[in-house]
Structures are given as structure tokens and as C-alpha cells.
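Coordinate analysis (summary)
The residues making up each chain are set out below.
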Amino acid sequence: GCMGRLCTILLSLLICCSCCFGDKIEYPTKALTIIGASFAYPENGWFELACEELGCHPINRAVSGTNIKDIALQFSELGVFTREEMDITESLVIMFTHDLDVYVDGAVYGDTLSDNPSNAECFDYVIRRYIGACQALEFDRSSKWYGVKGGKPADIILCTHWHDARVRYNTSVRQLARHWNGVTRLCEFDTQIGFSKDNPDPETGVQISVLYAHPDNGATEIIDGVEYGWHPKRGRDSEIQQKMAQIFCDCF
């Protein structure tokens, strides 16, 4: 009857009003974004723990099995982050710690990637592209940085490997951080993790990193004939992940 139709209409209006005038979706205003591979992806836990401590929303774009070249190609073709992510990201964290050189002194790279770019070229490209993306927000009317001279200040945190056995990478990432001084900072897991390749277990001779290694496949690696821990034990309850989170927080 009429009363039934009236109730239906009123119910529809209530639903419509709740959709139109209900609580708006609240997006985070402060975030940290990480790109990287297996040492950074969410199953580890250190990045998310650190973000909680710092009061930042974690945007974790790390994917196991990828490398810096994958990100460089994404930057060159499609971009990596949305404008909303660019707006709220206070620092970009990079943790591709393959034991390769990531800086070549005196090398000059072009604005586009070469056909077969090295790790060093890809790191340089990603850093320059991210800086450019931050600066471009000055002219993006949809950005909160619109009209701000120079756009959003670019802040990039480079990371060493989680321990000091990957000497080639750890040495060159320090050179890279010095080269981009003023834009980049360095999270030195290797010197603050609490042990060193130079001091194995005095009773067994086993590297301490092996004792902290993940028990599954990929637990250890051989460098110059010595066995070291490869992937650290994962999970928010892992002592090593909690230690890494604290080291990272100390960067701020």
C-alpha cells in the first residue's frame, strides 16, 4: 500500500544521505615508501614496525626477486607512484642490496636508460627521476605541493645490507650516498646490527649472521669461500627484524 511505498522511499533517502554525508574516507597524511627486494618486502616486518614507531603510514612496494633495474624501467615507462602517494611520502627508502657496485666515480649518465644499464646507472636514474617527480609537484594543481617553490623536498634513504659481508655493495652505497649528499641519507644496518664478519663465533668459527638466518631455502650464501647469513629470520617477532626497525628509526 501507500504506507509501504512511503517506507521504501524514506529508507532509500536514508541510504542516499548516509552515502553522501557520512564519514569521509581519511587518507594518511604522512607516509614512508620503500622499494626493494626480499630484504624489504612485508613478510620481513622491520619496515612496518619502524613506521609504527615513527607514526608514518607504510607504503611497501618491495617485491622479492626484483632488482633496481626493474624499478628504473618502471620509472622510464609508466612511473612508480600515484600522485597521492607522492604527496604523502616523506622519504623514499631504497633497499636493493645485491652485492654489486651501485656507484662508479666520475660516471656520467644520460637522461634515458641505456640498452643494458648497470646497477650504478639504474640507481642514478631512479634517484634523479624521483627528485624530478618531487619537483614537478610544484606545477600539479591537484597536489598539496602546488605552488610551493621547488615542489616537495626530495628525501631518499639508502640502506646497506643487513650485515657487513657484502663489502662491494656496502662500500659503493656509501659512495653513492656521499655523491647525492643533501638528498640521500644512509641507514647503516651493517655497522649497527650487533655483529661483524670479522668476529665469527669464537667456539665454532661460524659467522654470527648464519645464526640469525632464515631457516628455509636461501638461508645462507657463500662469499669468498665463507658461509654467511643470506635472508634474516622474518616476522615482527623476530629479534633481528626488531633490531633493524630500531636502526632505521634512528635515521630520523
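For the structure itself, consult the block above.
Rules behind the numbers
- Residues numbered from 1 in each chain as written.
- Predicted model: local features only at pLDDT ≥ 70, side-chain atom pairs only at ≥ 80, totals over all residues.
- Heavy atoms only, no water.
- Pairing = 2+ DSSP bridges.
- Helix = DSSP H or I, 4+ residues; strand = E, 2+ residues; numbered from the N terminus.
- Right-handed = clockwise from strand over helix to strand, strands pointing away.
- Buried < 20%, exposed > 50% of the residue type's maximum accessible area, 1.4 Å probe, protein only.
- Salt bridge = Lys/Arg side-chain N within 4 Å of Asp/Glu carboxyl O.
- Core = buried A, V, L, I, M, F, W, Y, C linked by side-chain atoms within 4.5 Å.
- Contact = heavy atoms within 4.5 Å.
- Axes fitted to C-alpha atoms, helices over the stretch in contact; angles between N-to-C directions.
- Parallel < 35°, antiparallel > 145°, perpendicular 65-115°, else oblique.
- Left-handed = near helix turned anticlockwise from the far one by under 90°.
- Nonpolar A, V, L, I, M, F, W, Y, C, P; charged D, E, K, R; others polar.
- Polar contact = N/O pair within 3.5 Å; in protein donor to acceptor, adjacent residues only side chain to side chain.

Digging into the pairing of strand β5 (residues 184–187)
As paired strands, strand β4 (residues 156–159) and β5 are joined by 4 bridges and run parallel to one another. By the bridge assignment for β5, Ile157 is matched with Arg185. Crossover β4 to β5 through helix α6 (residues 167–179) is right-handed.

Overview of the pairing of strand β1 (residues 31–36)
Counting buried positions along β1 gives 6 out of 6 residues, so the element sits mostly inside the fold. Neither face of β1 is exposed, since Ala31, Thr33 and Ile35 on one face and Leu32, Ile34 and Gly36 on the opposite face are all buried. The sheet contact formed by β1 and strand β2 (residues 57–60) spans 4 bridges and is parallel. Looking across to β2, one finds that Leu32 is bridged to Pro58. For the handedness criterion, the β-α-β arrangement of β1, helix α2 (residues 46–54) and β2 is classed as right-handed. Note that β1 and strand β3 (residues 89–95) share 6 bridges and pair parallel. Within the sheet, the bridge partner assigned to Gly36 lies in β3 and is Met95.

Describing the pattern of salt bridges
Counted according to the given criterion, the structure contains 11 salt bridges. The closest approach of N and O atoms between Arg61 and Glu85, which form a salt bridge, is 2.6 Å. Of this pair, Arg61 sits in the loop between β2 and α3 (68–77) while Glu85 sits in helix α4 (residues 83–88), and the two are 24 residues apart along the sequence. Here Glu85 falls in the buried class, since its relative accessible area comes to 14%. One connected set of salt bridges, linked through shared partners, spans Arg83, Glu84 and Asp87.

Regarding the nonpolar core
Grouped together as the largest cluster of nonpolar side chains are 34 residues, with contacts concentrated most on Ile94, Tyr130 and Leu158. Of all elements in the fold, only α3, β3, α5 (119–136), β4 and α6 reach the threshold of two or more residues within this core. In terms of residues, this core owes the most to one element, α5, which gives 8 residues. The residues contacting Leu158, other than those within four sequence positions of it, are Ile94, Phe123, Val173, Leu176, Ala177, Thr184, Arg185, Leu186 and Cys187. If you look at the next biggest cluster of nonpolar residues, it comprises 28 residues, including Cys51, Met95, Cys159 and Ile208.

Section: the packing of α2 against helix α9 (residues 239–249)
Running from N to C, α2 and α9 cross one another at 45°; their axes reach a closest spacing of 8 Å. As summarised for this structure, α2 and α9 are arranged oblique, according to the angle between their axes. Between α2 and α9 lies a crossing of right-handed hand. Residues Trp46, Phe47, Leu49, Ala50, Glu53 and Leu54 of α2 touch α9, and the partners they reach there are Gln241, Gln242, Met244, Ala245, Phe248 and Cys249. Along the lines of polarity and charge, the residues of the contact of α2 with α9 split into 9 nonpolar, 2 polar and 1 charged.

Quick word on the sheet that holds β5
An order of β2-β1-β3-β4-β5 is seen for the 5 strands of this open sheet, with the pairing classed as parallel. Of all the strands in the sheet, just β2 and β5 have a single pairing partner and so form its edges. Neighbour-to-neighbour, the strand axes of this sheet turn through a mean angle of 25°, independent of strand direction. On the sheet, α5 packs against β1, β3, β4 and β5 and is oriented at approximately 175° with respect to β3.

Considering the side chain of Glu221
Structurally, Glu221 is set in strand β6 (residues 220–223). Taking the relative accessible area as the measure of exposure, Glu221 reaches 16% and is therefore buried. A distance of 3.0 Å separates a polar atom in the side chain of Glu221 from a polar atom in the side chain of Arg166. If near-sequence neighbours (up to four positions away) are discounted, Glu221 is found in contact with His161, Arg166, Val226, Glu227, Tyr228, Gly229 and Trp230.

No statement about biological role is implied by the geometric values presented.
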